[in-house]
Amino acid sequence: MPPHVTVKGKIVDQETRCEHYHKQEDIIAIKFYCCDTYYPCYKCHEECADHDIQRWPRDRFDEKAILCGVCKHELTINEYLKSSYTCPNCQSTFNEGCARHYSIYFEG
Ligand SMILES: [Zn+2]
Ligand SMILES: [Zn+2]
Ligand SMILES: [Zn+2]
C-alpha cells in the first residue's frame, strides 16, 4: 500500500476484498467523498463510518478515488469509468458488477 493510502472497513485480504465482496475480481477500494477515506465497498462504509455517504460531484471526477487492490495504483474517477473494468497499470480485471452501484458513489 502506498504510505498515504489507508483502506478501512471489513477487509479480508491484501487486495482489498471485504466481507461483502470477495470474489476474484473484487479488487478495488473506493475513496468516499464524505470522509476522504478508502473503503472496499459501500456496505463497509455503512457499517464502519458514523455518517451517511456523500456522492462525488461530477466536477470532481478528475480526483484519484479508486484504488486497484492488486498493484495499489490510484485511478481518477474518470479514468476508472473509462477503464473497461481493467486496471490501466497491472491489467487486472475489475468486477463489472460495480457498475450497478455507481449511483451510490458518484453523482449521475
Ligand atoms: Zn464517509
Ligand atoms: Zn465491504
Ligand atoms: Zn492494478
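In case you missed it, the structure is sitting above this.
The structure contained in this document is the topic of the report that follows. (Residues numbered from 1 in each chain as written. Chains lettered and ligands numbered in written order. Predicted model: local features only at pLDDT ≥ 70, side-chain atom pairs only at ≥ 80, totals over all residues.)

### Examining the overall build of the chain
Counting secondary structure elements, the chain contains three helices and four strands. For the chain, the α and β elements follow one another from N to C terminus as β-β-α-β-β-α-α. The C-alpha radius of gyration of the chain comes to 12 Å, within 12% of the 13 Å expected for a compact globule of 108 residues. Seen through its principal axes, the chain has C-alpha atoms that stretch 35 × 30 × 30 Å. Within the chain, the fraction of its 108 residues that count as buried is 27%. Expressed as a percentage of contacts within the chain between residues at least 6 apart in sequence, the contacts between residues at least 24 apart total 44%. (Helix = DSSP H or I, 4+ residues; strand = E, 2+ residues; numbered from the N terminus. Rg over C-alpha atoms; globule rule 2.2 N^0.38 Å. Buried ≥ 20, exposed ≤ 12 C-beta atoms within 10 Å, placed from the backbone. Contact = placed C-beta atoms within 7 Å.)

### As for the nonpolar core
Formed by 21 residues in total, the largest nonpolar core has its most connected members in Ile28, Ala29, Ile30, Tyr39, Ile66 and Leu67. Looking at this core, the elements with two or more residues in it are strand 1 (28-32), strand 2 (37-39), strand 3 (64-68) and helix 2 (77-81). Once residues within four sequence positions are removed from consideration, isoleucine 66 is found in contact with Ile28, Ile30, Glu74, Leu75, Ile77 and Tyr80. (Core = buried A, V, L, I, M, F, W, Y, C linked by C-beta atoms within 7 Å.)

### Some points on unusual backbone geometry
Of note in the backbone geometry, threonine 16 takes a positive phi value of approximately 65° without being a glycine. Tracing the sequence through the fold places threonine 16 in the segment before strand 1. For serine 84, which is not a glycine, the phi torsion comes out positive at approximately 55°. With respect to the secondary-structure elements, serine 84 resides in the loop between helix 2 and helix 3 (102-105). According to the C-beta neighbour criterion, serine 84 is exposed, with 9 such atoms within 10 Å.

### Considering the environment of cysteine 34
Looking at the element boundaries, cysteine 34 is found in the loop between strand 1 and strand 2. In sequence terms cysteine 34 and tryptophan 56 are 22 residues apart; their C-alpha atoms lie 8.3 Å from each other. Every residue in contact with cysteine 34, bar those within four places of it in the chain, is listed here: His51, Ile53 and Gln54.

### Digging into the pairing of strand 1
Extensive coverage of strand 1 is indicated by the burial of five of its five residues. Alternating positions in strand 1 separate into two faces, Ile28, Ile30 and Phe32 on one and Ala29 and Lys31 on the other, with burial throughout. Pairing geometry for strand 1 and strand 3, over three bridges, is antiparallel. Within strand 3, the position partnered with alanine 29 by the bridge is leucine 67. Of the pairings in the sheet, the one linking strand 1 to strand 2 comprises three bridges and is antiparallel in character. Residue pairing across strands places phenylalanine 32 opposite threonine 37, the latter belonging to strand 2. Linking strand 1 to strand 2, which pair antiparallel, is a turn of four residues; within it aspartate 36 sits at a positive phi near 55°. (Pairing = 2+ DSSP bridges.)

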